[in-house]
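Working through the structure, step by step
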Amino acid sequence: FAVSGHVNGGVSGSIRAEARDDQAAENLRDVIKGGMALARLQMGRDAKLDAVINSLQMTGTGKNVQLSFAVPAEIIDAVAGFTAAAKELQHDGKNDK
């Protein structure tokens, strides 16, 4: 199992795994393909999230499986803003008691 990434105006990276045998790797690829298909069924609600889903690329042969991804800076900013807002709400709720 290995993870690598690159941060520069967003985050891109890959997750690589080596299964115990070719059949286990094929099963893992099938599970990943199913998850990607489910994510694509949910597309159309948010263009930024759609960009992340479209960036997912699964590759691998034999015992190796790799999933590559890219997360634009806008998504990271949105998550950071959401997290900050949630913390502020949590903080405000504690002051009300």
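Residues numbered from 1 in each chain as written. Predicted model: local features only at pLDDT ≥ 70, side-chain atom pairs only at ≥ 80, totals over all residues. Heavy atoms only, no water.

A tally of regular secondary structure across the protein chain gives three helices and four strands. The helix and strand sequence of the protein chain, counted from the amino end, reads β-β-α-α-β-β-α. The buried share of the protein chain, reckoned over its 97 residues, is 20%. Partitioning the contacts of the protein chain with sequence separation of at least 6, the portion at a separation of at least 24 is 54%. For the protein chain, the exposed area adds up to about 6,900 Å²; of that, 57% sits on carbon and sulfur atoms. Charge-centre separation for the protein chain: the mean point of 11 positive side chains lies 4 Å from the mean point of 12 negative side chains. (Helix = DSSP H or I, 4+ residues; strand = E, 2+ residues; numbered from the N terminus. Buried < 20%, exposed > 50% of the residue type's maximum accessible area, 1.4 Å probe, protein only. Contact = heavy atoms within 4.5 Å. Areas by Shrake-Rupley, 256 points an atom, 1.4 Å probe, with all protein chains shown as cover. Lys, Arg positive; Asp, Glu negative; His and termini not counted. Charge placed at Lys NZ, Arg CZ, Asp CG, Glu CD.)

Time to look at the sheet that holds strand 3 (residues 57–59). The four strands lie next to each other as 1-2-4-3, forming an open sheet whose pairing is antiparallel. Single-partner strands in this sheet number two, and they are strand 1 (2–7) and strand 3. Across the sheet, the axes of successive neighbouring strands diverge by a mean angle of 15°, strand direction being ignored. Most of the contacts of helix 1 (residues 22–41) go to strand 4 (residues 64–72), to which it runs at about 25°, and overall it touches strand 2 (10–18), strand 3 and strand 4. The strands that helix 2 (residues 47–55) touches are strand 3 and strand 4; relative to strand 4, the one it contacts most, it runs at about 155°. (Pairing = 2+ DSSP bridges. Axes fitted to C-alpha atoms, helices over the stretch in contact; angles between N-to-C directions.)

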